[in-house]
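Spelled out, the chains give:
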Amino acid sequence: MSERFTGNFTQQEPLPQASIDAALAVMQHGRLHRYNTAPGEQSETAALEVEFAALTGARYCLAVASGGYALGCAMRAAGVGPGDKVLTNAFTLAPVPGAIASIGAVPVFVEVTPDLVIDLDHLAEQIAASGARVLLLSHMRGHICDMDALMAICDAAGVQVIEDCAHTMGASWNGVPSGRHGLIGCYSTQTYKHVNSGEGGLLITDDANLMARAVLLSGSYMLYDRHDAAPRPEAFEELRLEVPNISGRMDNLRAAILRPQLRDLDGQVARWNRLYRGMEDGLADCPGLRQVTRPGGERFVGSSYQFLLPDWDAERIGALVERCAARGVELKWFGAPVPRGYTSTYASWHYAAPPTLPRTDAVMAGLMDLRLPLSFSEDDVALIARIIRAEVSSLWQAAALSD
Ligand SMILES: *Cc1c(COP(=O)(O)O)cnc(C)c1O
């Protein structure tokens, strides 16, 4: 009898009791809107912003309705408008080019390397060829490129960097928290990210003018003085009648749920990384399979795991997906001919008129992905790795024999 995994790849842990208690308190007093405060009260949302700014070392923080909203808001605040070109890595998730499209801007895609980070040589080429002044850098699946080299390229070319940290909340590069290298860092607090409020987003920056714009954009009316991680009211004087209100605020219920989770983040990261290292160990030296090299400067959050099947044809990868699925292991294949679930590729974003990116195509063709929810135990992960290892080995040996 071959082993079978019976766990669920999309099952979260319950929220911590402190989150449940805080949510109940908000529901009992009824003041869910962030500006609905009792005299002298700091709203849960304002408190969350102060705490997230402290956690990341940023001067300012704004909580918003989603990660995608944070990206669009960040670009608008940075002055990106209709028709402007925005550089972005081709290996990312649909909300990233979607955020660019939401402001009528045009994505300029950059190739990805086999280590799943933005290709810095191609970035330099695309900056020169496009004249784009903004890079929306997505740390897709938590893989962080050499941020010092990237910032050197962008600074030299006058390109502003907005970081999509949906998969890197709690991660860092050379000791600097992810989201703190560029001008603005954006995070998601959606259920499948590193803290869970169902939906939600956070945006951080040290730039007072940018943050004042972002606060006004998010729908602050003239209540911006109720933000405790925003610049002083003077920063809003010149802007308050100029910047449109594009409502996307966070509410106190979500903020209340998130605050205890932020306090637990480091411990959760350690747990994710034990699961991730379990996958790495279980698949070490598996013939036919290439693991992704994690650079020394990167402190990552292993909330998902990727591996590559270089030189495999599509039929054999399809067979692997089926065989693993039959044993309870859900592999997502980024190279599948039709997008399924979250695995769309740049070629399926027709509105963005994507060019062909041969290096990215070659990587994605054999790119496999699986989530590692914290509801998994280390034994679960060891079992998953054994199943993948057995199926990869058997298909790889069959291929070698038939060659
Ligand atoms: C989830 C995600 C987003 C958007 O976050 P939402 O909160 O779902 O809008 C952006 N980028 C990446 C890479 C994501 O995975």
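Our subject is the structure listed above.
To keep things clear, this report deals only with the structure shown in the data block. (Residues numbered from 1 in each chain as written. Predicted model: local features only at pLDDT ≥ 70, side-chain atom pairs only at ≥ 80, totals over all residues. Heavy atoms only, no water.)

With that settled, the discussion passes to the overall build of the protein chain. Looking only at helices and strands, the protein chain features twelve helices and 14 strands. Here the C-alpha atoms of the protein chain give a radius of gyration of 22 Å, agreeing with the 22 Å that 2.2 N^0.38 yields for 403 residues. In terms of its C-alpha atoms, the protein chain occupies a principal-axis envelope of roughly 75 × 50 × 35 Å. Looking at the protein chain as a whole, 54% of its 403 residues are labelled buried. Contacts in the protein chain between residues far apart in sequence, at least 24 positions, make up 72% of those at least 6 positions apart. (Helix = DSSP H or I, 4+ residues; strand = E, 2+ residues; numbered from the N terminus. Rg over C-alpha atoms; globule rule 2.2 N^0.38 Å. Buried < 20%, exposed > 50% of the residue type's maximum accessible area, 1.4 Å probe, protein only. Contact = heavy atoms within 4.5 Å.)

It is worth spelling out the packing of helix α5 (residues 120-130) against helix α6 (residues 147-157) at this point. The N-to-C vectors of α5 and α6 enclose an angle of 10 degrees; their axes lie 10 Å apart at closest approach. One element, α5, and the other, α6, form an angle in the roughly parallel class. Here α5 contributes Leu120, Leu123, Ala124 and Ile127 to the contact with α6, which in turn contributes Ala149, Leu150, Ile153, Cys154 and Ala157. When grouped by side-chain class, the residues that make up the contact of α5 with α6 number nine nonpolar, no polar and no charged. (Axes fitted to C-alpha atoms, helices over the stretch in contact; angles between N-to-C directions. Parallel < 35°, antiparallel > 145°, perpendicular 65-115°, else oblique. Nonpolar A, V, L, I, M, F, W, Y, C, P; charged D, E, K, R; others polar.)

In terms of burial, strand β9 (residues 201-205) is largely enclosed, as five of its five residues are buried. Residues Gly201, Leu203 and Thr205 line one face of β9 and the alternating positions Leu202 and Ile204 line the opposite face, and both faces are buried. Bridge count between strand β1 (residues 60-64) and β9: five bridges; the pairing is antiparallel. For leucine 62, the partnering residue across the bridge sits in β9 and is leucine 203. Pairing analysis gives five bridges linking strand β8 (residues 184-188) to β9, with the strands arranged antiparallel. When the sheet's bridge partners are listed, cysteine 186 is paired in β9 with leucine 203. (Pairing = 2+ DSSP bridges.)

Right, let's talk about a nonpolar patch on the surface for a bit. There is a patch of nonpolar side chains on the surface, built from Ile20, Leu24 and Met27 and spanning about 260 Å² of accessible area. Within the fold, methionine 27 resides in helix α1 (residues 17-29). Residue classification places methionine 27 among the partly exposed residues on the basis of a relative accessible area of 48%. (Patch = residues over 30% accessible without salt bridge, like charges linked within 9 Å, V, L, I, M, F, W, Y side chains within 5 Å. Areas by Shrake-Rupley, 256 points an atom, 1.4 Å probe, with all protein chains shown as cover. Salt bridge = Lys/Arg side-chain N within 4 Å of Asp/Glu carboxyl O.)

With that settled, the discussion passes to the environment of alanine 208. In this fold, alanine 208 is placed in helix α7 (residues 208-217). Residue classification places alanine 208 among the partly exposed residues on the basis of a relative accessible area of 27%. The spacing of alanine 208 and alanine 235 is 27 residues in sequence and 6.8 Å in space, taken between C-alpha atoms.

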